[in-house]
Amino acid sequence: RHALIYLPAAYFQLPSQQFNVTYLMHGWSMNETTFLHDAAFRRMLDQGMATGELLPQIVVTPTYYPTTGEPTGSWENDGDYITDFVQAELCQSLLPAVETAYRTYAAGDRAQDLIDSRQHRAFAGFSMGAITTWSVLEQRLAYFAYFAPMAGDSWTITNDGGLLHPDRTAKKLIAAVKASQPAPFHIEATVGSQDGTQNSMTPLINRLRQLSTNFDADHLSYWKDPNGGHTLASATNQFAHAQETFFKKLLP
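So, here is what we can say about the structure in this document.

The rules we used
Residues numbered from 1 in each chain as written. Predicted model: local features only at pLDDT ≥ 70, side-chain atom pairs only at ≥ 80, totals over all residues. Heavy atoms only, no water. Helix = DSSP H or I, 4+ residues; strand = E, 2+ residues; numbered from the N terminus. Rg over C-alpha atoms; globule rule 2.2 N^0.38 Å. Contact = heavy atoms within 4.5 Å. Areas by Shrake-Rupley, 256 points an atom, 1.4 Å probe, with all protein chains shown as cover. Phe/Tyr/Trp six-rings, centres within 6.5 Å; stacked < 30°, edge-to-face > 60°. Buried < 20%, exposed > 50% of the residue type's maximum accessible area, 1.4 Å probe, protein only. Lys NZ or Arg CZ within 6 Å of the ring centre and 35° of its normal. Polar contact = N/O pair within 3.5 Å; in protein donor to acceptor, adjacent residues only side chain to side chain. Pairing = 2+ DSSP bridges. Axes fitted to C-alpha atoms, helices over the stretch in contact; angles between N-to-C directions. Salt bridge = Lys/Arg side-chain N within 4 Å of Asp/Glu carboxyl O.

### Regarding the overall build of the chain
- Helix and strand counts for the chain stand at 9 helices and 7 strands.
- A globule of 252 residues ought to have a C-alpha radius of gyration of about 18 Å, and the chain, at 17 Å, matches this closely.
- Along the first, second and third principal axes, the C-alpha set of the chain runs to 50 × 40 × 35 Å.
- Counting contacts in the chain only where the partners sit at least 6 residues apart, residues at least 24 apart contribute 74% of the total.
- Put simply, the chain shows about 10,600 Å² of open surface, and 50% of that area lies on carbon and sulfur atoms.

### Details of the packing of aromatic side chains
- Evaluation of the coordinates by the stated rule reveals 15 aromatic pairs.
- Geometrically, the ring pair formed by Tyr65 and Tyr81 is edge-to-face, given 5.6 Å between the ring centres and 80° between the ring planes. Residue Tyr65 is found in the loop between β3 (57-62) and α3 (79-101), and its partner Tyr81 is found in helix α3; the two are separated by 16 residues along the sequence.
- Taking the relative accessible area as the measure of exposure, Tyr65 reaches 4% and is therefore buried.
- Each ring, one from Tyr146 and one from Phe246, has its centre 5.2 Å from the other, and the planes form 45°; the classification is tilted. With Tyr146 in strand β5 (residues 146-150) and Phe246 in the segment after α9 (232-243), this pair connects stretches of sequence that are 100 residues apart. Comparing Tyr146 with Phe246 shows no difference in burial state: the two are buried.
- Through successive ring pairs, a cluster of aromatic residues spans Tyr23, Phe85, Phe123, Phe144 and Phe147.
- Directly above the ring of Tyr11 sits Arg103, whose terminal nitrogen or CZ lies 4.0 Å from the centroid.

### Brief notes about the side chain of Ser212
- Structurally, Ser212 can be placed in the loop between α8 (198-211) and β7 (220-225).
- A polar atom in the side chain of Ser212 sits 3.0 Å from the backbone nitrogen of Asn214.

### Notes on the sheet that holds β5
- In space, the 7 strands of this open sheet follow the order β1-β3-β2-β4-β5-β6-β7, with mixed pairing throughout. Edge positions in the sheet fall to β1 (3-6) and β7, since each has one partner strand and no second. If you compare each strand with its neighbour and ignore which way they point, the axes differ by 15° on average.
- Sheet topology note: the β1/β3 ladder contains 4 bridges and is antiparallel. Residue Leu4 lies in a different strand from β3, and its bridge partner there is Thr61.
- Against the sheet, α8 touches β5, β6 (186-192) and β7, its axis set at about 155° to β7.

### Regarding the environment of Tyr64
- When you line up the elements, Tyr64 lands in the loop between β3 and α3.
- For the pair Tyr64 and Ile174, spaced 110 residues apart in the sequence, the C-alpha separation amounts to 25 Å.
- Residues in contact with Tyr64, not counting those within four places in the same chain, are Arg1, Met25, His26, Gly27, Trp28, Asp78, Tyr81, Ile82, Phe85, Met128 and Thr132.
- Among the polar contacts made by the side chain of Tyr64, one reaches the side chain of Asp78 at a distance of 2.6 Å.

### A look at the pattern of salt bridges
- Evaluated as defined, the whole model comprises 7 salt bridges.
- Between Asp113 and Arg110 there is a salt bridge whose closest N-O contact spans 2.9 Å.
- Relative accessible area serves as the criterion here: at 9%, Asp113 is assigned to the buried category.
- Its relative accessible area of 54% is what places Arg110 among the exposed residues.
- Between Glu138 and Lys172 there is a salt bridge; the shortest N-O distance is 3.9 Å. With Glu138 in helix α5 (residues 128-139) and Lys172 in helix α7 (residues 166-180), the pair connects residues that are 34 residues apart, well separated along the chain.
- Classification of Glu138 as buried rests on a relative accessible area of 15%.
- Classification of Lys172 by relative accessible area gives partly exposed; the value is 36%.
- Residues participating in the shared-partner salt-bridge network are Arg1, Asp84 and Glu89.

Printed below as a string of C-alpha cells:
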C-alpha cells in the first residue's frame, strides 16, 4: 500500500525540531491521494499552520485498499480492508516506516518507542475513514492520543452500529478504553449538519457520554459543520476544526 506525506514549511525552516504526526484516512472510493491532491485541503493546511491556528505537523494520508485492489462496489464491503489495515499494517508497518524517515517524537521503530510517543500522534478519517478511526481508538489506543472521526460511527458490533446498536457499541468501546488505561485521549468527533451520517454518530456519542466518564467533555467533543454535507469540502472544514485542539496541550 502507499501513503502520501505532507511536510509543513517549518520542517525545512527548523531542521532540528521534532514534529507531531496526524494520520488521515480517506473514505469509500477515495484513495491516499484524495486529500493532499485537493488544492483547498492543502491551502487549509498551509494557511492554518502559517497563522498558528494549526500547529506545524506532518500529515500522512495512507489507504486501506490493497495496491492491486479497486474500491469495492459498496462502502459496506470495505470492512475487511479496514480490519486488515488496523490489525496488521498500521502499527507494524506504517508507523515505523514514517516515523523513522522523518523527524518525529518516536525514538525508534520499536513498539515501545511508538507507544512512548503517543501524545504526539493523532488519527483522523472521513466517512469509512471515520469507521477506521473508531477502530484505531478501540484497538490501538496505546499508540495514539488524539482522534477525529469525521462523518462516521463505529462498526465494532455491526455496520451502522451507532444507529442500530448504540448501547452495545458504546459499551464495547468503553470496555476497550478501560483495558488500555492509563492512556489519556481526546476525540474530536465531527459531521456536516446536512450529513445523514449524523443519524449514526449522534446516538453513539450520546450513549458514550451517558455510560462512562472516560467519554466526558474532556475526552469527547462533537461538532457539526454548518451546512456541511458528505463532501470533501466539509471534511476539510471538519479536519481544520479538530486540529484547533490537537497537540496544543499534552493530555494528563
